[in-house]
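# Chains, contacts and geometry: an overview
For reference, the chains in residue letters:
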Amino acid sequence: MPLRSFTTSAEGRALAGVCAGIAQALGVDVTLVRLIFALLALAGGAGIVLYLALWAWSSSDRPFWAILLLLVAGSTLLGALGVSDRGIAGIVLVAAGLALALRQGGSFRRDAPLSYGGIALAGIGTVLLLQSGTAPTRLLAPGAVVGALVLVCGPLLWRLALERDAERSARIRTDERAEVAERVHDSVLQTLALIQRHAGEPRRVATLARRQERELRGWLYAARPLGDDGSSLVAALSAAAADVEELHGVRIELASAGDAPPENAIVLAAREAMTNAAKFAGVEEIDVYADVADDMIAVFVRDRGAGFEPASVPDDRQGIRESIRGRLERAGGSSVVTSSPGAGTEVELRLPR
Amino acid sequence: MRWRVVLVDDHGLFLAGVRSQLGESVEVVGEAGTVADAVPLIKQLDPDVVLLDVHLPDGKGDAIINAVAPERPGVKFLALSVSDAAEDVIAVIRAGARGYVTKTIAAEELTAAIGRVAQGDAVFSPRLAGFVLDAFRAGDPLTSSAELDELTPREREVLQLIARGYMYKEIAARLHLSVKTVESHVSSVLRKLQLSTRHELTRWATQHRLV
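Residues numbered from 1 in each chain as written. Chains lettered and ligands numbered in written order. Predicted model: local features only at pLDDT ≥ 70, side-chain atom pairs only at ≥ 80, totals over all residues. Heavy atoms only, no water.

### Observations concerning the overall build of chain A
Check the secondary structure of chain A and you find 11 helices and 5 strands. Burial analysis of chain A (353 residues in total) assigns 37% to the buried set. Carbon and sulfur atoms form 61% of the exposed surface of chain A, whose accessible area is close to 19500 Å². (Helix = DSSP H or I, 4+ residues; strand = E, 2+ residues; numbered from the N terminus. Buried < 20%, exposed > 50% of the residue type's maximum accessible area, 1.4 Å probe, protein only. Areas by Shrake-Rupley, 256 points an atom, 1.4 Å probe, with all protein chains shown as cover.)

### Comments concerning the overall build of chain B
Check the secondary structure of chain B and you find 10 helices and 8 strands. Split into buried and exposed, the 211 residues of chain B put 53% on the buried side. Partitioning the contacts of chain B with sequence separation of at least 6, the portion at a separation of at least 24 is 68%. In the form shown here, chain B has an accessible surface area of approximately 8700 Å², with 54% of it arising from carbon and sulfur atoms. (Contact = heavy atoms within 4.5 Å.)

### Examining the sheet that holds strand E3 (residues 49-52) of chain B
Residue and element names in this part refer to chain B. With parallel pairing, 6 strands are arranged side by side in an open sheet as E2-E1-E3-E6-E7-E8. Two strands close off the open sheet at either side, each with one partner strand: strand E2 (26-32) and strand E8 (123-124). Taken together, the 2 bridges between strand E7 (residues 99-102) and E8 define a ladder with parallel strand orientation. Within E8, the position partnered with Tyr 100 by the bridge is Phe 124. Those strands touched by helix H5 (residues 107-118) are strand E1 (3-8), E2, E3, strand E6 (76-81), E7 and E8, and its axis lies near 150° from that of E6. (Pairing = 2+ DSSP bridges. Axes fitted to C-alpha atoms, helices over the stretch in contact; angles between N-to-C directions.)

### Some thoughts on the sheet that holds strand E3 (residues 296-303) of chain A
Residue and element names in this part refer to chain A. With mixed pairing, the 5 strands of this open sheet are ordered in space as E1-E2-E3-E5-E4. Looking at strand neighbours, the two that pair on one side only are strand E1 (251-257) and strand E4 (334-339), the edges of this open sheet. Each strand axis lies, on average, 10° off the axis of its neighbour in the sheet, ignoring direction. Of the strand pairs in this sheet, E3 and strand E5 (residues 345-352) are connected by 8 bridges, and their pairing is antiparallel. Note that in E5 the partner of Val 301 across the bridge is Val 347. Along the sheet, helix H10 (residues 264-281) makes contact with E1, strand E2 (285-292), E3 and E5, crossing E3 at roughly 10°.

### Quick notes on the pattern of salt bridges
Residues and elements named next belong to chain A. Considering all chains together, one arrives at 23 salt bridges over all chains under this definition. For Glu 253, the salt bridge is made with Arg 210, and the minimal N-O distance between the two is 3.7 Å. Highlighted residues: Glu 253 in strand E1 and Arg 210 in helix H8 (residues 202-221), separated in sequence by 43 residues. Side by side, Glu 253 and Arg 210 carry an identical accessibility label, which is buried. (Salt bridge = Lys/Arg side-chain N within 4 Å of Asp/Glu carboxyl O.)

### Quick notes on the interface of chain A and chain B
At the interface, 23 residues of chain A touch 22 residues of chain B. Interface of chain A and chain B: buried area, both sides summed, is about 2000 Å²; carbon and sulfur atoms make up 44% of it. For the pair chain A and chain B, the number of links is 5 salt bridges. A salt bridge links Glu346(A) to Arg164(B); its shortest N-O distance comes to 2.6 Å. Listing elements by their share of the side of chain A that touches chain B, those giving two or more residues are H8, E1, E2, E3 and E5 of chain A. With 6 residues, E1(A) is the largest single contributor of residues to the side of chain A that touches chain B. (Buried area = accessible area lost by both parts, 1.4 Å probe.)

### Observations regarding the environment of Thr126(A)
For Thr126(A), the position within the fold is in helix H6 (residues 113-131). Note on Thr126(A): relative accessible area 7%, which makes it buried.

### Re helix H6 (residues 126-135) of chain B
In terms of burial, H6(B) is largely enclosed, as 9 of its 10 residues are buried. All buried positions along H6(B) are accounted for by Arg127(B), Leu128(B), Ala129(B), Gly130(B), Phe131(B), Val132(B), Leu133(B), Asp134(B) and Ala135(B).

### As for the packing of aromatic side chains
By the definition in use, this model includes 1 aromatic pair over all chains. A centroid spacing of 6.0 Å and a plane angle of 15° characterise the contact between Tyr289(A) and Phe300(A), whose relative ring orientation is stacked. Remark: Phe300(A) occurs in strand E3 and Tyr289(A) occurs in strand E2; sequence separation between them is 11 residues. Tyr289(A) sits in the buried class, given a relative accessible area of 0%. The aromatic ring of Tyr166(B) is capped on one face by Arg302(A), whose charged end is 3.7 Å from the ring centroid. Here Arg116(B) stacks its cationic end above the ring of Tyr168(B), 4.0 Å away from the centre of that ring. (Phe/Tyr/Trp six-rings, centres within 6.5 Å; stacked < 30°, edge-to-face > 60°. Lys NZ or Arg CZ within 6 Å of the ring centre and 35° of its normal.)

### Let's talk about the pairing of E2(A)
All names here are of chain A. Of all 8 residues that make up E2, 7 are buried, and the element is covered over most of its length. Summarising the sheet, E1 and E2 pair through 7 bridges and their orientation is parallel. In the strand pairing of E2, Leu 254 is matched with Val 288. In this fold, E1 hands off to H10, which returns the chain to E2; that crossover is left-handed. The pairing of E2 with E3 spans 7 bridges and is antiparallel. When the sheet's bridge partners are listed, Ile 286 is paired in E3 with Asp 303. What sits between E2 and E3 in their antiparallel hairpin is a turn of 3 residues. (Right-handed = clockwise from strand over helix to strand, strands pointing away.)

### A word on the nonpolar core
Ranked by size, the top nonpolar core spans 54 residues in total, and within it Ile42(B), Ile64(B), Phe77(B), Phe124(B) and Val132(B) carry the most contacts. Here this core gets 6 residues from one element, more than from any other, and that element is H6(B). With near-sequence residues (within four places) excluded, Phe77(B) lies in contact with Ile42(B), Val50(B), Leu52(B), Ile64(B), Ile65(B), Val68(B), Ala97(B), Arg98(B), Gly99(B) and Val117(B). Ranked by size, the runner-up nonpolar core spans 33 residues in total, among them Ile252(A), Ala260(A), Ile266(A) and Ala277(A). (Core = buried A, V, L, I, M, F, W, Y, C linked by side-chain atoms within 4.5 Å.)

### Overview of the confidence of the model for chain B
This prediction gives chain B a mean pLDDT of 84; 87% of its residues lie at or above 70. For this predicted complex, the interface confidence reaches an ipTM of 0.80, while the overall pTM sits at 0.60. (pLDDT = per-residue confidence, 0-100.)

### A short note on the environment of Leu151(B)
Residue and element names in this part refer to chain B. Relative to the assigned elements, Leu 151 resides in the loop between H6 and helix H7 (153-163). By relative accessible area, Leu 151 is classed as buried at 5%. In sequence terms Leu 151 and Leu 193 are 42 residues apart; their C-alpha atoms lie 9.9 Å from each other. When near neighbours in sequence (up to four residues on either side) are disregarded, Leu 151 contacts Val 132, Leu 133, Phe 136, Arg 156, Leu 159, Val 189 and Lys 192.

### Remarks on the side chain of Ser339(A)
With respect to the secondary-structure elements, Ser339(A) resides in strand E4. A polar contact is formed between the side chain of Ser339(A) and the side chain of Thr345(A), at a distance of 2.9 Å. (Polar contact = N/O pair within 3.5 Å; in protein donor to acceptor, adjacent residues only side chain to side chain.)

This is the structure we're talking about:
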């Protein structure tokens, strides 16, 4: 029962130590408690009976007597307050009924004969209350009925709610496991199967492993759905890099500072630059760095490969002219290609935000 | 000069791969797979460099650094990891690691990085450089007025080039500096990363993950 438990206190006691015990349990001055008991004792002796009741409650393992004494104390007090006999009987019955129902309900058992007995008692008490003429007691009746219902049904509903919660979290766990299994199957297991089939082709194996690693990382660490390339600039660049890696068997290291919503023009231009590097530089690794500042997105695509003489690129080479420079300029950006034979190439793409 | 190196990683295959790929300038004198094994081993062997995985079965890499560093101040740590949460990488750097590289690093670059760390310099992967740039990005001027909380324009330039994939000697050539100067800029950034109280650093690390 959620009652604050107290024990009689040997320390500073006058009689059995009930007042001192209450004062300790509630953290108030013992004199105040004694004063209240003395005042209650003036009300037809209710304080004395209450004292006995609490003493019985704390010192014996027979709460029955304590409850009985409590009821006597309550009725004495009500009598002293001028409540009619019938009203007192009603209130006492309701209280006893509620106590019984609570006792049974507290055990969380579904079959609760005592609860029904308690409800019956409370019901009789309610009827008595309704018949008694005074207004304040009449107000107690509906409250008593509601209280009894809550006491009887409450624990049952509570337990049902707990069971439903447990069921739901179990279902969520199962769903999560199923989702993980599905993802692992769709990606990791497929890749492992492919790797076994292509064991003789180191380049292909490396590419497969690389792509799988990138996907898993994205999923595990960036909370990014597998294959998602639309949520941010870095995610889109990462997806573009993965495509180029797979198509051309290179490794692309992507670093970034900051992130932004995806910008098609610069992502596609960067992808084109990566493709060019993969096709013409003759290297295995390409570095890509995206720097997102407040007013500017800059993407650098760099390789340490063959390089070329920028002036010597024929006009009909579509790649740089159209896919990179034209695309960016139409979006309001710019591009610079730095390259010389033997010293690698760096493509610098800028787009104002 | 052959650097004496201890490898700490719980993946046997990876250990074997690293051991076979490291160059002539590196001698692997010991290996451990857990924090509990690594701490006494490192204290006993007193190597030049410890290559340290950020995640181990019984703890994180910074636990090893914290346990070893007071007794063996000469041992340098280089964090080597697959993708990890930025907060873990920052923890290992702030515990005293001289750098962080990803496990996909080419063998000769790893060998070079070990030599650099052994000599007291710092090593940043492009990813870590990008991260540091982001974390130190000009923020609230009131909270970032201290010298430790701000990168100099030169340090910013150097870090940007690292993020773009430039090696130290390429950076030196491009900025008309000596390699030594580039190294000292990176070491200075490392010091700021380890000592700065800049609040963006912690916030950044908890919000982002190095991928």
